Amino acid sequence: VQLQASGGGLVQAGGSLRLSCAASGRPFSRYNMGWFRQAPGKERELVAVISSSGVSTYYADSVKGRFTISRDNAENTVYLQMNSLKPEDTSVYYCASANARSTWPPTGGRSYDYWGQGTLVTVSS
């Protein structure tokens, strides 16, 4: 299984970015997908999760109302639309594919089988 994240970059506070994660290697539409982030010196944290069908979503309180997770099962891709970005959103963002046994919502890292390589998002003040 391969997960290829892209879309990171440098943006000013208040700006927007859209991250993409292209998946291959197993039936994409069967698995919940998540976005995590990790800032320097901090622990990895969950950002958002989307169910296999795309019907259900879950967000960390810190991004609720600003970020939107979505997926296109025909294109085997999950997205993270990030609006009203803040300097504290600066992190490396990782997409991950949850294991089939995970309960909803899969908020812990141990619920995920596969991880992408990460894409850096830097928000300047």
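The structure this text deals with has already been given above.
The following refers to the structure shown. (Residues numbered from 1 in each chain as written. Predicted model: local features only at pLDDT ≥ 70, side-chain atom pairs only at ≥ 80, totals over all residues. Heavy atoms only, no water.)

Turning next to the pattern of salt bridges. On inspection of all chains with the given rule, the structure shows five salt bridges. Here K64 ties to D61 by a salt bridge, and the two come within 3.1 Å at their closest N and O atoms. Here D61 falls in the exposed class, since its relative accessible area comes to 65%. Residue D89 is joined to R66 by a salt bridge in which the shortest nitrogen-to-oxygen separation is 2.7 Å. Residue D89 is found in the loop between β8 (77-82) and β9 (91-98), and its partner R66 is found in the loop between β6 (57-59) and β7 (67-72); the two are separated by 23 residues along the sequence. (Salt bridge = Lys/Arg side-chain N within 4 Å of Asp/Glu carboxyl O. Buried < 20%, exposed > 50% of the residue type's maximum accessible area, 1.4 Å probe, protein only. Helix = DSSP H or I, 4+ residues; strand = E, 2+ residues; numbered from the N terminus.)

So, about the nonpolar core. Counting residues in each nonpolar core, the largest one holds 26 residues, and the members touching the most others are W35, L80, M82 and Y93. Secondary-structure elements contributing two or more residues to this core are β1 (2-6), β3 (17-24), β4 (33-38), β5 (45-50), β7, β8, β9 and β11 (119-124). Top element by residues in this core is β3. It accounts for four residues. Every residue in contact with Y93, bar those within four places of it in the chain, is listed here: L19, W35, F36, R37, V47, F67, L80, M82, G118, T119 and V121. Counting residues in hydrophobic clusters, the runner-up holds six residues, among them F36, V49, A96 and Y112. (Core = buried A, V, L, I, M, F, W, Y, C linked by side-chain atoms within 4.5 Å. Contact = heavy atoms within 4.5 Å.)

Our focus in this paragraph is unusual backbone geometry. Leaving glycine aside, a negative phi is the common case for residues, and trans is the common case for peptide bonds. That bond from W104 to P105 is cis: its omega, -10 degrees, falls within 30 degrees of zero. Within the secondary structure layout, P105 lies in the loop between β9 and β10 (112-115). The phi dihedral of N76 is positive, around 55 degrees, even though this residue is not glycine. Inspection of the secondary structure puts N76 in the loop between β7 and β8. Using a relative accessible area of 29% as the deciding quantity, one classes N76 as partly exposed. Even without being a glycine, S84 presents a positive backbone phi close to 50 degrees. The residue S84 is located in the loop between β8 and β9 in this model.

Another point: the sheet that holds β7. In spatial order, the strands read β1-β3-β8-β7; together these four strands make up an open sheet with antiparallel pairing. Both outer strands of the open sheet, β1 and β7, are each paired with one neighbouring strand and no more. On average, each strand axis in the sheet is inclined to that of its neighbour by 15 degrees, with strand direction left out of account. Two elements, β1 and β3, share five bridges in a ladder whose sense is antiparallel. Each bridged residue has a counterpart across the sheet, and for Q2 the counterpart in β3 is S24. (Pairing = 2+ DSSP bridges. Axes fitted to C-alpha atoms, helices over the stretch in contact; angles between N-to-C directions.)

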